[in-house]
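Fold and contact review
The lines below spell out each chain.
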Amino acid sequence: MNLISILLATALQFSSPVNDKITLAGNFGEPRPHHFHGGIDVRTGMSVGKPIFAIADGYVSRITVGLYGFGNALYITHPDGHSSVYCHLNGFVPSIRVKLSNYRKKNGQPDELAEWRKSPQVPADVYFRPNEIPVSRGQLVAVSGNTGSSMAPHLHLEVHDTQDWAMRDPLTYVSQYLTDTTPPQAHAFMAYPQAGEGIFNGSSKPQNYGFGSNHLERVFYAWGKVGFGLWANDYMEGTFHHYGIHHTELLIDGVTIFESIVDSIPASMNRQVNSWGDYLHWRHQNVWYMKSFVEPGCQLPLFKVNEERGIYDFNQEKEYSVEYRLTDAFGNQSVYSFRVVGRREQIPQPEPLNARWLLKWDRVNNIQFPGMHLTLGKHLLGRDVVLQPLVTRQPSSLSDAYRLAPESMPVFDWAELRIRLNHEPSDTTKICIIGGIHEYPAIVRNGWAIAKIRDLGDTFEVGYPSE
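Rules used in this analysis
For every chain, the first residue of the written sequence is number 1, and numbering continues from 1 onward in sequence order. For this predicted model, a pLDDT threshold of at least 70 governs which residues receive local features, and a threshold of 80 or more governs which side-chain atom pairs are given and counted, while totals over whole chains, interfaces and linings are taken from all residues. Excluded from the side-chain calculation are hydrogens and water; included are all heavy atoms of the structure. Think of it this way: any DSSP run of H or I at least four residues long counts as a helix, any run of E at least two long counts as a strand, and we number them from the N terminus. Working definition: with a 1.4 Å probe on protein chains only, accessible area under 20% of the residue-type maximum means buried, over 50% means exposed, and in between means partly exposed. Computed with the Shrake-Rupley method and a 1.4 Å probe, the accessible areas treat only the protein chains shown as cover for residues. The nonpolar core is taken to be a set of buried Ala, Val, Leu, Ile, Met, Phe, Trp, Tyr and Cys residues, with the residues joined through side-chain atoms within 4.5 Å. Each pair of strands is called paired provided DSSP finds at least two bridges between the two strands. Every axis corresponds to a line fitted to the C-alpha atoms, with the helix fit spanning only the stretch in contact, and the corresponding angles, defined between N-to-C directions, vary from 0 to 180 degrees. Between N or O atoms, a polar contact is any pair within 3.5 Å; within protein, one atom must be a potential hydrogen donor and the other a potential acceptor, and residues adjacent in sequence are included only when both atoms are from side chains. Contacts are assigned to residue pairs that have any heavy atoms within 4.5 Å of one another. Confidence of the prediction at every residue is given by pLDDT, a number between 0 and 100.

Next up on the list: the overall build of the chain. Across its full length, the chain holds six helices and 37 strands. Each principal axis of the C-alpha atoms in the chain carries an extent, and together these give about 75 × 65 × 45 Å. Taken over 467 residues, the chain has a buried fraction of 51%. By element, 50% of the accessible surface of the chain is carried by carbon and sulfur atoms, the whole surface being about 22,100 Å².

What follows concerns the nonpolar core. Grouped together as the largest cluster of nonpolar side chains are 44 residues, with contacts concentrated most on Phe 189, Phe 200, Phe 228, Trp 276, Leu 300, Phe 314 and Phe 338. Among the elements that line this core, the one with the most residues is strand β17 (residues 215-235), at seven residues. In terms of nonpolar packing, the next biggest core, distinct from the first, is built from 36 residues, Phe 14, Ile 76, Val 135 and Val 174 among them.

Right, let's talk about the sheet that holds strand β31 (residues 390-392) for a bit. Hydrogen bonds between backbone atoms are what pair the strands of a sheet, whose relative direction is either parallel or antiparallel. Spatially, β28-β29-β33-β36-β35-β34-β37-β32-β31 is the arrangement adopted by the nine strands of the open sheet, whose pairing is antiparallel. Each of the sheet's edge strands pairs with one partner strand only, and the pair in question is β28 (365-369) and β31. If you compare each strand with its neighbour and ignore which way they point, the axes differ by 25 degrees on average. Across two bridges, strand β32 (residues 401-403) lies against strand β37 (residues 459-463) in antiparallel orientation. Paired with Tyr 402 across the two strands is Phe 460, which belongs to β37.

Summarising the element assignment, Gly 66 is placed in the loop between β6 (58-65) and β7 (72-77). Overall, the relative accessible area of 41% leaves Gly 66 in the partly exposed class.

This next bit is on the side chain of Ser 337. Take Ser 337: it is sitting in strand β26 (residues 333-342). Side chain to side chain, Ser 337 and His 215 meet in a polar contact 2.6 Å long. Beyond its immediate chain neighbours, meaning those up to four positions away, Ser 337 contacts Phe 211, Asn 214, His 215, Leu 216, Val 322 and Glu 323.

For the rest of this paragraph, the subject is the pairing of strand β33 (residues 410-420). One ladder, built from four bridges, connects strand β29 (residues 372-376) with β33; its direction is antiparallel. Bridging across to β33, Thr 375 finds its partner in Glu 416. Across seven bridges, β33 lies against strand β36 (residues 448-455) in antiparallel orientation. Across the sheet, residue Pro 410 finds its bridge partner in β36, namely Asp 455.

To continue, consider the environment of His 379. Structurally, His 379 is set in the loop between β29 and β30 (385-386). With 19 residues separating them along the chain, His 379 and Lys 360 place their C-alpha atoms 8.6 Å apart. Apart from residues no more than four positions distant in its own chain, His 379 is found in contact with Trp 361, Asp 362 and Phe 412.

This part covers the sheet that holds strand β9 (residues 91-92). One open sheet holds the three strands; their spatial order is β5-β12-β9, and the pairing between them is antiparallel. Where the open sheet ends on each side, the last strands, each with one partner, are β5 (51-53) and β9. Of the strand pairs in this sheet, β5 and strand β12 (residues 140-143) are connected by three bridges, and their pairing is antiparallel. Residue pairing in the sheet places Pro 51 in a bridge with Val 143 of β12.

So, on to the confidence of the model for the chain. Low pLDDT marks regions whose predicted coordinates should not be analysed in detail. With 93% of its residues at a pLDDT of 70 or more, the chain shows a mean pLDDT of 93. Contacts from residues 1-9, a stretch scored under 50 in pLDDT, to residues over four places away or in other chains number nine contacts.

Pasting the structure below:
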């Protein structure tokens, strides 16, 4: 940054993106399948056409239409090193529409917005230089809408680090325009005895218990290493919406063993939400238990943990005090507690893992059997997992079918899957590898179809995309 930029950044002030009191339909960092909610959803009274304002000085650096589920979206770059993004818009103010049209004509390119209006499948992605569309804090830039992947009219507002595009919590900048005196609420906790190392209430399996009150009178029993997880939501007055937890702290006998603060998430780590949250429980029950321990392959920079990554070793025959402290972005806090008695017990030992189908989180994995080859890079899993492969012969089809796991098993990034063809396809340019509802574009090389996949839990075969 030069001196002028530093001075501007130091003096930068923020204002509300709407002219009404801000109420939220969603907050930053809420767990979703395969991603965190990357911004805040500002309610617009279920109406389209509400004025949207720049939250700080800067310049319009980008406009997209029909990308990322954002519908019509406006990007503003600010001199403090951040960018704000305004999504699901119904349209832009005339001065910006004119600049956009002139920019396209000047560069000999079609008016993509006009084309998109005719056919929403045609996206637009236009960048602007810093001196082309300057804006001031509080300046009208757009009107709200319901475009893109939006279930109801609202403004989805994101703030990013301009350089690396890490997601920041917009409430850091606009919280003064909200009122919230309601603390978070915990609904239940989950105990996760570690396989072969711990037992909880006589079982080595995960088990959950509801919070009927802030302090449970019931006494629990444990021996060995146990992790915990929490189902909790934040709330605000004046709305029935619920939100993710900003700050979670787990203490045992007054010592913090796990702490999470959801204020900044690297864009490249979005899918690691499936590791922090109990993804399989969400799949079955549609409820997120967020683990109060960190799987070895999870690299999210949101945590402070003890030497055991938040796992606790109940190795003394005594009573332990377990306490959760939940705090929202406005400082409202709630506390939940229960007691665990250390009781010496025999810890069941799990069946040995099938090393042939074992995927290690910290190494490159190559799994193959006749007609199929999976390559999974290291650090793409939260922990070690074991596949349960099954092959279905299909001589008359383009390929046999290969099941790798009986249910969804997402990975953090793309893995390479190769499937051998049973016969030469009529059109190699349209070949894909089909896994459940997913169709992964594939190339054909030396009799094999090769594609990138991000979930190991489908049954895969080679085919043509659906029309």
